[in-house]
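What follows is the residue order along each chain.
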Amino acid sequence: MSKTRIISKAQAEELLTMKDCVGAMEDTLRDVAAGATSMLQRSMMPQQKGNMFALMAADNQQQGLCGVKAIVFPGAEARQKGTNQGIVPLFDSATGALLAIVEAECITAVRTAATSAAATKVLARPDSRHLAILGAGRIGRLHIEAMLQVLPIEKVTVWNRTPERAESCCQWARQTFGLQAAACPTAREAVEQADVVCTITQAKTPILEGAWLKPGAHINAVGACSAQARELDSAAVQRSRIYLDRRDAALRDGGDLAIPLAAGELAMENIIGEVGQVMLGQVEGRQNDGQITLFESVGIAVEDLAAAALIYRLACEKGVGTEVEI
């Protein structure tokens, strides 16, 4: 009987570096565009005390792997124990063997920021030096680390609904990366001069207005992952060349697009294609330095699968984890 490798939260966090994850997400977005993956749309079931139980299943024919992220998106009480509690069971798609069970909290956080970085690498101006972060939680901080992997960022401006958290994030950015970092009292002040803007909030209504964006800016819209929530107003999407992680997922679960499309405030012509198609040369990316580009990211199951596969491979190489018979 084959053995299954159990990889804990602490072990997964140590193995999954941002640099490696950005590379894995680049490969994954290309595989999505090439049709080398299959996945089911995210299924969400309401639970007690505001929690949501989510299932995200996918396979990757290139890797011969399949799996599902099973996770609880927490309400207020559960959030005290972690942002996203769950696992990714990883299977060999040919033999059906259960290869690994990987703790999923760090997968969700790191792959989200790494996917934004992979998109930013092909959509933002390569000389971008000023980053704006709207939403200073853990994934907001990870976006700072991720952007440094692909751009020569020197300055960060941060806005958060809780000012103290924005200042704490800035202090961390200064100490960890030596960046110029300033907390801003309004979102407008944070983004007006920014080359790259990342929105990572739990907002249900827009916190970023298109009128604030300077020509040539790139936006990573990350926080709105349901058709009823949006972080960007209609002017922001109207001004942008829009790229997606996966078309059907983003059009179903991305309220930044679904809401203005339903209202007739956004034309489908603004939606150029998937980021992986840009990587493969199937669609054109940024055409000039004055265009505003937007990456609408709702998070897709194959990204979780790729991150779990990366952790599993490194765990095998380094002898990390506990092998058990199941």
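Higher on the page you've got the structure.
Residues numbered from 1 in each chain as written. Predicted model: local features only at pLDDT ≥ 70, side-chain atom pairs only at ≥ 80, totals over all residues. Heavy atoms only, no water.

K.L.:
Could you give an account of the pattern of salt bridges, with specific residues and numbers?
P.N.:
Pairs may arise between side chains of opposite charge once their charged atoms sit close together. Scanning the entire structure with this criterion turns up 19 salt bridges. Across the pair arginine 5 and glutamate 323 runs a salt bridge whose closest N-O atoms are separated by 3.1 Å. Residue arginine 5 is located in strand S1 (residues 4-7), and its partner glutamate 323 is located in strand S16 (residues 322-324); the two are separated by 318 residues in the primary sequence. With a shortest N-O distance of 2.9 Å, glutamate 167 and arginine 174 are connected by a salt bridge. Overall, glutamate 167 belongs to the partly exposed group, its relative accessible area being 37%. Linked by salt bridges that have partners in common, Lys9, Glu13, Glu105 and Arg138 make up one network. (Salt bridge = Lys/Arg side-chain N within 4 Å of Asp/Glu carboxyl O. Helix = DSSP H or I, 4+ residues; strand = E, 2+ residues; numbered from the N terminus. Buried < 20%, exposed > 50% of the residue type's maximum accessible area, 1.4 Å probe, protein only.)

K.L.:
Lay out the nonpolar core in plain terms, naming residues and giving numbers.
P.N.:
Among the nonpolar cores identified, the biggest contains 75 residues, and Leu131 and Ile311 are the most heavily contacted of them. Ranked by the residues each element gives to this core, the list is headed by helix H11 (residues 301-318), at eleven residues. Apart from the residues within four sequence positions on either side, leucine 131 is in contact with His143, Ile144, Met147, Ile153, Lys155, Val156, Thr157, Val196 and Cys198. Ala190, Val197, Ile242 and Leu257 belong to the second largest nonpolar core, which has 27 residues in total. (Core = buried A, V, L, I, M, F, W, Y, C linked by side-chain atoms within 4.5 Å. Contact = heavy atoms within 4.5 Å.)

K.L.:
Hey, could you go over empty space enclosed by the protein for me, with residue numbers and the actual values?
P.N.:
This model, assessed by the stated rule, comprises one cavity of 30 Å³ or more. By volume, the largest cavity is sized at about 70 Å³. In this structure, the largest cavity is lined by Met39, Leu40, Gln41, Arg42, Met56, Arg246, Ala249, Asp253, Val298, Gly299, Ile300 and Ala301. Grouping the amino acids of the lining of the largest cavity by side-chain chemistry returns seven nonpolar, two polar and three charged. (1 Å grid on protein atoms, 1.4 Å probe; cavity = no way out; pocket = protein on both sides within 12 Å on 5 of 7 lines; lining within 4 Å. Points joined across faces, edges and corners; volume = space filled by probe spheres on them. Nonpolar A, V, L, I, M, F, W, Y, C, P; charged D, E, K, R; others polar.)

K.L.:
Go over unusual backbone geometry, please, and point to the residues and values.
P.N.:
Its identity as a non-glycine residue notwithstanding, lysine 49 has a phi of 55°, on the positive side. Structurally, the position occupied by lysine 49 is in the loop between strand S3 (43-46) and strand S4 (52-60).

K.L.:
Give me the lowdown on the layout of surface pockets, citing residues and values where you can.
P.N.:
In this structure, the largest pocket encloses a volume near 1500 Å³. Around the largest pocket, the lining comprises 46 residues; the ones closest to its centre are Phe73, Arg79, Thr201, Gln202 and Gly223. Within the residue set of the lining of the largest pocket, elements represented by two or more residues are S4, strand S5 (65-73), helix H3 (105-123), helix H4 (138-148), helix H5 (163-177) and helix H8 (247-253).

K.L.:
Outline the packing of helix H2 (residues 18-34) against H11, supporting the account with residue identities and numerical values.
P.N.:
Orientation of H2 relative to H11, taken along the N-to-C sense of each, is 135°, at an axis distance of 9 Å. Here H2 lies oblique to H11, going by the angle between them. Judged by the twist between their axes, the crossing of H2 over H11 is right-handed. Touching Asp20, Cys21, Ala24, Met25, Thr28, Leu29 and Val32 of H2 are Val302, Glu303, Ala306, Ala307, Leu310 and Leu314, all from H11. Across the contact of H2 with H11, the residue classes tally to ten nonpolar, one polar and two charged. (Axes fitted to C-alpha atoms, helices over the stretch in contact; angles between N-to-C directions. Parallel < 35°, antiparallel > 145°, perpendicular 65-115°, else oblique. Left-handed = near helix turned anticlockwise from the far one by under 90°.)

K.L.:
Requested: an account of the sheet that holds strand S12 (residues 218-221), with residues and values cited.
P.N.:
Taking strand neighbours across the sheet as the criterion, the eight strands line up as S10-S9-S8-S11-S12-S15-S13-S14 in an open arrangement whose pairing is parallel. Each edge of the open sheet is held by one strand with a lone partner, namely strand S10 (180-183) and strand S14 (271-274). Here the strands of the sheet are splayed against their neighbours by 20° on average, with no regard to which way each runs. Sheet topology note: the strand S13 (residues 240-244)/strand S15 (residues 292-296) ladder contains five bridges and is parallel. Within the sheet, the bridge partner assigned to arginine 241 lies in S15 and is threonine 293. (Pairing = 2+ DSSP bridges.)

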